[in-house]
Amino acid sequence: MQFFRYLYHNITDLAPMWHSPDFLCTLAATVFPFNIRPYSEMVSDLDDEASSPTEEFKAFVTDTGMNRSQSEYCNVGSKTYLTNHPAKKYVFDFMRLLIMDNLCMTPASKQTPIIDLLLEASPERSTRTQQKEFQSYILDSVMEQLLAADVLMGEEASLPITTGGSYQVLVNNVFYFTQRVVDKLWQGLFNKESKLVVDFIVQLITQSKRRSQGLSLDSVYHCLNRTILYQLSRPHKTVPQQVTLLDSLRVLTVNRNLVLGPGNHDQEFVACLAHCLINLHTGSSVEGFGLEAEARMTTWHVAVPSENESDSVQSQDVSEGRQLLLKAVNRVWTELMHSKRQMLEDIFKVSLPVNDRGHVDIATARPALEEPAAKSWQNHLVHEKKCISRGETVAPANQSKLSRVSSGFGLSKLTGSRRSKKESGMNKNNLSAQETFQWMFTHIAVVRDLVAMQYKEHQERQQNALKYVMDEWAGIEYELLRERGLWGPPIGSHLDKFQLDMTEGPCRMRKKMVRNDMFYIHYPYVPDPEPNASTQPARYRRAISYDSKEYYMRLLSGNPGMYQHSIEQNTEGETTQQEPEHGEDTIARVKGLVKAPLKRSRSTADGADEDSQDQLQELLESGAMDEEQKTDNTTLLRLLEEGEKIQHMYRCARVQGLDTSEGLLLFGKEHFYVIDGFTMTVTREIRDIETLPPNMHEPIIPRGARQSKSQLKRTCSIFAYEDIREVHKRRYLLQPMAAEVFSGDGRNYLLAFQKGVRNKVYQRFLAVVPSLADSSESVSGQRPNTSVEQGSGLLSTLVGEKSVTQRWERGEISNFQYLMHLNTLAGRSYNDLMQYPVFPWILADFDSEELDLNNPKTFRNLSKPMGAQTDDRLIQYKKRFKDWEDPNGETPAYHYGTHYSSAMIVASYLVRMEPFTQIFLRLQGGHFDLADRMFHSVREAWLSASKHNMADVKELIPEFFYLPEFLLNSNNFDLGSKQNGTKLGDVILPPWAKGDPREFIRVHREALECDFVSAHLHEWIDLIFGYKQQGPPAVEAVNVFHHLFYEGQVDIYNINDPLKETATIGFINNFGQIPKQLFKKPHPPKRVRSKSNGEVPGVPVTLNSTLDKIFFHHLDNLRPSLTPVKELKEPVGQIVCTDKGILAVEQNKVLVPPAWNKTFAWGYADLSCRLSNYESDKAVVVYECLSEWGQILCAICPNPKLVITGGFSTAICVWETGSSKEKAKSLTLKQALLGHTDAVTCLTASSAYHIVVSGSRDRTCIIWDLNKLSFVTQLRGHRAPVSALCINELTGDIVSCAGTYIHVWSINGSPIASANTFTGRSQQILCCCVSEMNEWDTQNVIVTGHSDGVVRFWRIEFLQVPETPAPEPIEPPDVPDCCGEIEGRDAPDEDSSESEGEEASLSQEPKPRSSNSQPSSAVHRPKPRTGASWSVDSSSDDSRRWSDTLSIDEKEGFVFVNYSEGQVRPGVPVQPHPQQPSGPSHGPVPQPLQPNTMEARSYNKLKPGYRWERQLVFRSKLTMHTAFDRKDNAHPAEITALAISKDHSKILVGDGRGRVFSWSVSDQPGRSTADHWVKDEQVDSCSGCTVRFSLTERRHHCRNCGQVFCQKCSRFQSEIKRLKISSPVRVCQNCYYNLQHERSSEENPRN
C-alpha cells in the first residue's frame, strides 16, 4: 500500500487508473474474505433485500438452521465479516485518500465520483452483511476526515484544496457525499449510529454559516431532514431502541433553531415530522414505520411474543420508557408549533385548535393532522424507495462492473433483470475456465440441494398422511371389532385387561378403569427355553402374566369358538400403538399429531367445540397433502389458525408418572392446547423435536431427570377455558418450575416450564380462566387467594371467607376430603410419582375379627411419625441423629435416610394394577422384586413400616381409602413365592375385611372418619404439612429427614458438575420430597361431637347439630306428608331437589341442569323434541332433527350443553346444543354410541365420574365414557328388560333394575350384589335411587319404587352363609333369554322376599351395622364374570337353596333369623296378620323378638364352615297414599319417580297420578303420623272393642301397630326401642304386653 501511495503522489500518468472502476473493484475486493457462496445464499440475500431491516439480518446470520451457508462458507471473525488481514486498515486509508482528493477535483455532475464507484465495488459473491460493513467503514472514515478538516471553512480549513480544485466544487461534492450517506442510511447499508450522521450534517451547516458565502444549503438541509425522519421512524420496542429514540428527540430539541429555524423551509419535512410525532405519541407503531416496517409486512412471521419478552421487570421499564418518550415528543411538538404552526396550517389547509394558554395540544391537533400527515409520509416513503431502487442515476450504465453492483443490488442485476446485451457479451468473454467450472459446480450443487430438500419434504408429507390414515383406520377398526361393536364379540373375555384411568372423580378419587390394549405387548408369552439351553438361571425372572399363555394359545389355535378374540390379533399386534384408549385425548396429530375424526366414538377432545373441530378437519383434509406445507411451523399453525387465534405460546413439558413429554402450550381465544412433540427454537421457529439436531434443542427438564426415553404417547389435548377449575403453582424436582391445571372433566396436567417462565404462564391462566364461583367446587377446598392457615383477619371474617381448615374444623368436609385438599395445596400431585399425595397409617389393629373404633388401641399414634411408633426403633433413630458426623460438612444430621413417600413406595403399593406395574418394572430394572420384599399383606406392611425395618417409614397413599382394585392381582402376574413357600397373588387383608377388598376399603375409610382419628388427625398434619415438619420442632418430634428431601436445599440449575447434577436429580427422583409447609403454627383440632345424644359417628356436624335427621337412620320412623307437596297432570317422571324447593316434571320430560329452569321433552307424534320453560311450559325451541333416529324412549341432560337420547333405534345419540344464540336453536349430533341390539329403555349419567349408563330391552346395560364418548364395559345377567338405572355420585356404584330384580355393580362393572324383590304379586321395579351420604356408612340404602305402589328400602350387608362344597352349576356368564323365562316362572315358588303385609316395616329392625339378627331376601345373581374374583358369587344351587330358607314370610307370621347362631327361631305366638285394618277385631298384633346381642353389639365371628357373603337385604318400606294393598289408600298408584333431598332429611316419591309425597324424619318419634298408621278417615270404630267414634270418643293410634283404638283400649304406655321411641307413648293392650315381654327377656340374661 505504501508503494501505491508513492505511485499515486508521484506518477501523474497513472491518474486515470486510480479512478477506473476495474481498479477500484479489485482494490475493494482485497478487504473481502475469499469465499465461494452457493446460489441458495444469494437467493436468501435477495429475499432479504426486499425487507432490508437492519436487526433482522442479524437473526438470520446467527441461526445456523436457516442460513446454513453462512457458517459453512464464511470465515467469520469475532467482530468483522471482512478480512482480518492486518493490512486492511491501510487499504481503507488509501481509499479515503482517493475519495478526498476526488471531492476537491471533479464535480459530481460531470462523472461518477470515486465515492460511488467504491461504495458499489463489492465483489459479486459478497454477502449483504459484508457489503454493509464495507460501505459503513468508508463513509464513516470520510465523514471523520471531513469534520476534522473543517472542510467548508474555505481558506481557514485545515484541508487544503488540491491543486486544480475549487472551493465551489468541493462544497457541492461534500453535499453530494452527504446525500449518499443518508441514502445508505435509508437503504440499511450504514451500520453505525444515525446520530453520527446528524452530528456531521449539523456541523457542516454550522461551518457553512460561519463562512457566510451565501451558499445554498437546501440540499444539505434536505439530508438533515431525511436523517431525522429516518431516526423517528425506527422501531422502539426494546429498551436500547427506546434510549436511542429519546436521544434523537433530545438532539432535535437541542438543535431546534437549526432544524426548525427559518433556514429550513422544506414543507414536506414539516408535514412528515408532524406525522412522526403523532405516531410516537399514540404509541401505535412500536415496530417502527419506516421502509423496513413496510417490508416486514410482506415477510411472514409468527407473531408470538417470546417468553423472555413479557417479563414483568421489562414491562415496568417499558411503561417508564413510554412516559419519558411522551415527555420528549411533547417538547418537540411544542417547538414545532412554536416555529412552524403557520406553515403546517398552510400545507394542510386546516386551522389548529389552541388551548387556554394559547398552545396547540398534540392530542387535540391529531384528528385534524393525522390523515393528511400520513399521506405526506407515504409520499416521502415512495420518494425514498425511488432513491434506492434507481440506485444512482449518476452511475453511467456502460460501466458493467459498477452497474452490476449498483446500490447494493448486484444480485438482482446478476440474475439478469437489468443487463444490456452488450455487457452480458462482455462478461461471457471475460470468464476464465476456472470461473466457469466454479459456476457450473455451484449450479449443480444448488439443484442437488433443492431436489434433495423437495424429496425429503415429499417423504415427510407421505409419512404424515400414512400416519394419519393409519390412525383413522385403527379407530374405525377398533369401533367395529370391540366388544358389542358391529362385528365384535357380544361378550367380553376374562382375558380383557384394564388399567387405571387418570381422570378424577369426586374428592379427586380415581376409580375408573379403561381397557389396556398394550397389556399383551408388554407381557408377551415366551415359551420356556429347553432345559439344556440356558447355562445358568437368571437372578431375576422376567415379569410375566399367567394369562399371556392362554391368550397366545387362543391366537395360535384360531379357535372359531373363541370368536371374541379373533380381533385381538389385529388390535394388539398392529394397531395398538395408535389406540386412543389410554385415557388420552387424541385430537390433532399432524406430523405426529393426527386428529381423531369427528364421527367416531372416542371423539375428539373433551373441551373442543364443534366449530373448531370441523375447521380442523377441513384443514387436515386440505392441508395435510398441501404441497406448500413445508415446515413444522406451518404444520402446527395450519392446525389451529383457521378456527383459532393463538395469542401466546410457551414451551412446556407434560409430566405424568415417571415420564415427561416435551411440547408446546398454546393459548387461543376460548381454548388452550397442550401439544406434545413440538418445540420452539431460539429463533422462534416451531420444530418437531424428533427431527431437530440435539445441539439446537435445550430440553426443559435437565438431562439427569430422565432415566430412559419417555413412554408417553404423543397427544394433543384441548381444554376450554370455561372448564378449567383451578391452576396451581407447583414444584418439579424441588424447583419452582411447574403449574398444575385442573379441568372440570376430571383431567389434570402437570406442566413444567423453563426457568423463569412459570409465573408468566400462571398469570396468563389467571387472565383467561373465569374465577370459581363457589369454593366448595374447588380441588383445594377453598378460594384461590385464601390463606390455609387462619389469620384473625377481620376482612376474611366479615366476607365470610372460610379456609379449608376452618371448614374441616366445623365438620363441613370429611377427613378424607381435608387430607386430599391439603395434599393439593402442598403441591402433591397424582401426575408426579415423586410427589404423590400422602395419607397416614391410621390403624394398628390388623388382627381382630371386627374393628372396635371406640378403643384407642385400635389406632396408630398419630402424634408421632412412623419411625417413632415403637420405642426400640425410636432409640436407634435418636442415636443416629445424635452421633451424626459428616466428613465433608455438606450433610446435616437427620433421623431418616428414607422418605415416607417416593415413586418406589407408590409403585410398590400399586404394583398389581397397570400402568403402575410398568412403572414399578422400570424403577426395578425390568423385573419384579424378590417376593419377600413385595407388598403382599397389609398387616406385614404395617409391621415393617412401624416396627421391624429401620429403612422403612412409609405412610399410605389415598388409594387405600377408595380403590379396592389395587388389592387384587386381576392381571394374574407371576409375583413369585416367599421363602416360606407362600405364593404371592391378591394382597392379604386383615380379618376384619372379611376377605373382601371393598369391605377393607369401606372399613378403612370408616376408621379414617371416626371420632378418634378426627380428634387426633391434626397431630399428624403438624408432622407432614405443619410446624413439626422442619426446624427445632422437627428434631423434638423425631421427624428430621435427609436434607435433600426439603424444598430450597438444592438448585439444580446451579450445579455445574454434570455427574453431581445427575446424582442429585436421581436422589430427588428416587427418594422422595417433603411437601410444602402449609402451617407455621400448631394445627387446630377438629371439633368432635360428644356421644351423649346418640349421634352416629362420622356424620357431618351441620346435619345433626340438634338431632340426626338422616332419613335412612330412621327408616321405621318416617313421617309422611299428609297431602302431596306437588301435583302434576300426568305420571311423575323426574323429581329434583334444589335449595329453593322441589321441582318435578312428567314422564317424557327431563329438567336441564344446573339452573333447572328449562325442560327437554320428547314423545310427540311427529318425533320432534322441545326445549321449554319449566314455569310456563312454553316451548322455546322445537328440534326436528331427531326424527331420523326413530322414536325416543328416554333422554337425559348431564350438563347444559349435552342431551343424550335413546330409543327404538338402539343407538344412543349424544347431541350438543349450540352455545351462541343462532346455534342454540339446533342440536348437533356429536356421536352415536352403538352397542345395544334392542330398544334403549333407560339412561343415566354421572357428572362426578363422567360416565353414562344405558339399559335396554336386550337385557344388558352398557357403561360409556362421557368425556371420550366411548364404550367402557357392559353389565350382563339381567332377567328382563332393564327398567331403571341410577349411579351413586359418591361411590360410582351403579344400580340396575330389571323386572323384579335389583342388581348393584361397581363403577367398573363388577357385580356387588343382587336380589329378587318378588312377593307373589305383579310388582315390577319402575324407578330407583340411592342415598349418597358418608359412603362408609353401612346404613346407606338403595330405594326402589314398584308398580304395586310400595317404596322399598334395601341395604348391602355381610351375612354368613355355609361354605358349599357342591360343584358350581355350569352356567354361561349371561343368562340366555329362555333361561331367564324359566327362572322368572319359578321365582314365585323359590322365594318371596317379603309379602306385602301392612306391618312388614315393623318386622325389620334397622341395624346400625350388619348385626346378628337380620332378615334377608334371597339373592339371585348370574355368575359373575371371571376376573372379578372377589365379587360375590351365590349362584351355586346350595347357597341359593339355603338363602331361600332365610326368606321372611309375613303371611304365616314373623320369623327371626339369628345368623350368629345359624338357626331360625320363631317369635311370639304366630298369629294371622291383620290384613283388614278397618275390618272386625283381630288377635293381638305380633311383635318381633329382639336378640340380646343387638344392644351389646358383640362382633360377629365367622363360624367354621361358613363364609361371608355380601347380600342385598330388605330393610323397610313406605306404603301410605300409594300402596294398592292398603285399604285405607283411596287413590293408590304405581311409584314412577324417587328423589332424595341434598341433606338426606327427606325422601320424595312421585306416583302414576302425578302426585309427589314427601317423607321426613319425625322430630318427636311417636308423637306424629308414621307410615304404618292407618288413616283416620278410613276407620269409624275401635279396632279393639268396636265402639263407634264420635265427638266425645276420639280416635287414638297405637304407636306400635298403627291401628286405631278408643281412649280405653289405648290407655297403655310404653317405650318402643325398635322405633327409637325412648319416652313412653300410647300403645294398645296387645302391643303393651308384647313390648313388656320383650323387655323382660332382654333383661333376664343380663341379670
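### Considerations on the overall build of the protein chain
Within the protein chain one finds 44 helices and 44 strands. With 1647 residues in all, the protein chain has 58% of them scored as buried. Sequence separation of 24 or more characterises 66% of the internal contacts of the protein chain that already satisfy a separation of 6 or more. In the form shown here, the protein chain has an accessible surface area of approximately 69,700 Å², with 53% of it arising from carbon and sulfur atoms.

### Notes on the environment of Ser-1322
Structurally, Ser-1322 can be placed in the loop between β31 (1311-1316) and β32 (1325-1330). Taking the relative accessible area as the measure of exposure, Ser-1322 reaches 63% and is therefore exposed. Once the C-alpha coordinates of Ser-1322 and Thr-1300 are considered, the two residues, 22 residues apart in sequence, prove to be 8.8 Å apart. Contact partners of Ser-1322, with chain neighbours within four places excluded, come to Ser-1347 and Asp-1348.

### Topic: the nonpolar core
Trp-841 and Phe-1025 are the most contacted members of the largest nonpolar core, which has 129 residues in total. Ignoring sequence-local partners within four residues, the contact set of Phe-1025 consists of Leu-822, Asn-823, Ala-826, Val-838, Trp-1020, Pro-1075, Lys-1076, Gln-1077, Leu-1078 and Phe-1079. Core analysis: the second largest hydrophobic core is formed by 102 residues, Leu-146, Leu-170, Phe-175 and Phe-348 among them.

### Thoughts on the packing of aromatic side chains
Aromatic rings in a pair are described by how distant their centres are and how their planes are angled relative to each other. Here the structure, examined in full by the defined rule, presents 59 aromatic pairs. Between the aromatic rings of Tyr-650 and Phe-667, the centroid separation amounts to 6.0 Å while the plane-to-plane angle is 85 degrees, which identifies the pairing as edge-to-face. Taken together, the residues span a long stretch of sequence, with Tyr-650 in strand β3 (residues 648-656) and Phe-667 in strand β4 (residues 659-667) at a distance of 17 residues. Since its relative accessible area comes to 1%, Phe-667 is described here as buried. Here the aromatic rings of Phe-846 and Trp-942 are separated by 6.2 Å at their centres, their planes lie at 45 degrees, and the arrangement is tilted.

### As for the sheet that holds strand β23 (residues 1227-1233)
As summarised here, the arrangement of the 4 strands in space is β20-β21-β22-β23, forming an open sheet in which the pairing is antiparallel. Edge strands, defined here as strands with exactly one partner in the open sheet, are β20 (1192-1199) and β23. Pairwise comparison of adjacent strand axes, ignoring direction, gives a mean angle of 25 degrees for this sheet. Here 5 bridges tie strand β21 (residues 1202-1207) to strand β22 (residues 1212-1217), and the two strands are oriented antiparallel to one another. Looking at β22, one finds that Gly-1206 is bridged to Ile-1212.

### Considerations on the pattern of salt bridges
Considering all chains together, one arrives at 49 salt bridges under this definition. Where Asp-183 meets Arg-180, a salt bridge forms, and the shortest distance between an N and an O atom there is 2.9 Å. With Asp-183 and Arg-180 both in helix α10 (residues 167-187) and 3 residues apart, the pair spans about one turn of that helix. One exposure class covers both Asp-183 and Arg-180, and it is buried. A single salt-bridge network, built from bridges that share partners, covers Arg-180, Asp-183, Arg-226 and Glu-384.

### Quick notes on a nonpolar patch on the surface
There is a patch of nonpolar side chains on the surface, built from Phe-437, Met-440, Phe-441 and Ile-444 and spanning about 400 Å² of accessible area. On the secondary structure map, Met-440 appears in helix α22 (residues 433-481).

### A short note on the packing of helix α1 (residues 2-10) against helix α7 (residues 88-105)
Here α1 crosses α7 at 15 degrees, and the two axes come no closer than 10 Å. Looking at the two axes, α1 sits roughly parallel to α7. As for how α1 packs across α7, the hand of that crossing is left-handed. In this structure, α1 contributes Phe-4, Arg-5, Tyr-8 and His-9 to the contact, and α7 contributes Asp-93, Phe-94, Leu-97, Leu-98 and Asp-101. Within the contact of α1 with α7, the residues separate by chemical class into 5 nonpolar, 1 polar and 3 charged.

### Some remarks on the sheet that holds strand β30 (residues 1301-1305)
As summarised here, the arrangement of the 4 strands in space is β28-β29-β30-β31, forming an open sheet in which the pairing is antiparallel. In the strand order of this sheet, the two ends are held by β28 (1282-1287) and β31, each with one partner. Averaged over all neighbouring strand pairs, the angle between strand axes comes to 15 degrees, with direction disregarded.

### A word on the confidence of the model for the protein chain
Any segment with low pLDDT has predicted coordinates that should not be analysed in fine detail. Looking at the protein chain as a whole, its pLDDT mean stands at 74, while 73% of the residues score no less than 70. Note that pLDDT drops below 50 for residues 1366-1499; the model gives that stretch 282 contacts with residues more than four away or on any other chain.

### What to know about the pairing of strand β9 (residues 724-732)
In terms of residue burial, β9 counts as a mostly covered element, since 7 of its 9 residues are buried. Examined bridge by bridge, β9 and strand β10 (residues 735-743) share 7 bridges and lie antiparallel to one another. Within β10, the residue paired with His-728 across the bridge is Glu-740. Turn length for the β9-β10 hairpin, with the two strands adjacent in sequence and antiparallel, is 2 residues, and the turn residue Leu-733 shows positive phi of about 55 degrees.

What counts, and where the lines are drawn
Residues numbered from 1 in each chain as written. Predicted model: local features only at pLDDT ≥ 70, side-chain atom pairs only at ≥ 80, totals over all residues. Heavy atoms only, no water. Helix = DSSP H or I, 4+ residues; strand = E, 2+ residues; numbered from the N terminus. Buried < 20%, exposed > 50% of the residue type's maximum accessible area, 1.4 Å probe, protein only. Contact = heavy atoms within 4.5 Å. Areas by Shrake-Rupley, 256 points an atom, 1.4 Å probe, with all protein chains shown as cover. Core = buried A, V, L, I, M, F, W, Y, C linked by side-chain atoms within 4.5 Å. Phe/Tyr/Trp six-rings, centres within 6.5 Å; stacked < 30°, edge-to-face > 60°. Pairing = 2+ DSSP bridges. Axes fitted to C-alpha atoms, helices over the stretch in contact; angles between N-to-C directions. Salt bridge = Lys/Arg side-chain N within 4 Å of Asp/Glu carboxyl O. Patch = residues over 30% accessible without salt bridge, like charges linked within 9 Å, V, L, I, M, F, W, Y side chains within 5 Å. Parallel < 35°, antiparallel > 145°, perpendicular 65-115°, else oblique. Left-handed = near helix turned anticlockwise from the far one by under 90°. Nonpolar A, V, L, I, M, F, W, Y, C, P; charged D, E, K, R; others polar. pLDDT = per-residue confidence, 0-100.

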